[in-house]
Amino acid sequence: LLKIDATELKPIEWQDASSPAVGSWLASPGLERDPVSIGVVSVTPRKIPAPSGALGVLLDQNEEVVRIVSIKQGSAAEKAGVLVNDIVKSVNGKGVGTRRDLIDTIRSYQPSEKVELLIRRGEEEFKVTAVLDSLNEVLHENQDKQNSLGGPLSDRRGGFSSALQHDSVIQPSDCGGPLVGLDGKAVGINIARAGRVESFALPVSVIRTALVELMSGKLAPPANVAGAKSTATLPVSTPTNDGKSN
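Here we come to the overall build of the protein chain. Within the protein chain, the secondary structure is distributed over six helices and 14 strands. Split into buried and exposed, the 246 residues of the protein chain put 33% on the buried side. Of the contacts formed within the protein chain by residues at least 6 apart in sequence, a portion of 56% connects residues at least 24 apart. Surface accessibility of the protein chain: about 14700 Å² in total, with carbon and sulfur atoms responsible for 51%.

Turning our eyes to something else, we now look at helix α2 (residues 99-107). Taken as a whole, α2 has its buried residues at Arg 99, Leu 102, Ile 103, Thr 105 and Ile 106. Where α2 is buried, its residues contact β3 (53-54), β4 (57-59), β6 (87-91), β7 (94-95) and β8 (114-121).

Strand pairing in a sheet relies on backbone hydrogen bonds, with the paired strands running either antiparallel or parallel. Reading across the sheet, the four strands line up as β7-β6-β8-β9 and stay open at both edges, with antiparallel pairing between neighbours. Either end of the sheet is taken by a strand with one partner, and the two such strands are β7 and β9 (124-131). Inspection of the sheet shows β6 paired to β7 by two bridges, in the antiparallel sense. What sits directly across from Ser 90, in β7, is Gly 95. Across the sheet, α2 touches β6, β7 and β8, and the angle it forms with β6 is around 45°.

So, on to the pattern of salt bridges. Inspection of the entire model under this criterion finds five salt bridges. Here Arg 121 makes a salt bridge to Asp 86, at a shortest N to O gap of 2.7 Å. Taken together, the positions of Arg 121 in strand β8 and Asp 86 in the loop between α1 (76-80) and β6 put the pair 35 residues apart, joining distant regions of the chain.

This next bit is on the confidence of the model for the protein chain. Put simply, the protein chain has an average pLDDT of 85, and 86% of its residues get 70 or more. Under a pLDDT of 50 for its full length, residues 229-246 has, in the predicted model, 37 contacts with residues more than four places off or in other chains.

Reading guide: rules and limits
Residues numbered from 1 in each chain as written. Predicted model: local features only at pLDDT ≥ 70, side-chain atom pairs only at ≥ 80, totals over all residues. Heavy atoms only, no water. Helix = DSSP H or I, 4+ residues; strand = E, 2+ residues; numbered from the N terminus. Buried < 20%, exposed > 50% of the residue type's maximum accessible area, 1.4 Å probe, protein only. Contact = heavy atoms within 4.5 Å. Areas by Shrake-Rupley, 256 points an atom, 1.4 Å probe, with all protein chains shown as cover. Pairing = 2+ DSSP bridges. Axes fitted to C-alpha atoms, helices over the stretch in contact; angles between N-to-C directions. Salt bridge = Lys/Arg side-chain N within 4 Å of Asp/Glu carboxyl O. pLDDT = per-residue confidence, 0-100.

What follows is the structure, encoded as structure tokens:
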């Protein structure tokens, strides 16, 4: 959150706390006159669970050792240089003594997160870094290909406490912009392109709470960051009692 000196800015108007009804028309404004995309509300705000990470490996059924017996082509494990018969000793410093330990630990991370694996190969031990795949993509590869037919998907498509789902076709690069109703009032901020006709937006209730938290000073950056000079600034709006922002 940056505070800047600016004048003659047009304040954004937030819709009241209630969510637009299913079927309501929405638009995602861009920098041009025409909106980036239009669509309708598909599902009212709900919790979107975090997706699980995956290495893309099969493990030995022997519970006494975490040995890799198969590696999916193009997977996170293969890209990290892991080989069949390697034994995983730890993940980010946390020891894994059984196959269930490794499975549960990897699934506690989200896709695209990096994990450091301690590998034993023969008599040698070394560390490798893997960028995790999505468990859903690994298990349902064809389904994910169908979802991405309309264009690229956001790396993060879950782990939201509340999100409004709409069918507008937006690009991941469009996320972060407002989502408005026919009256021009913002109903949320686009946060993820999750499927072929599935996009998520953080609703007004979440945004306004976050703005209050940001302005409270409790989330101030460390001194070395706060004292750094920025080469770019963004105008920031603050909510008022009438539903507008200044």
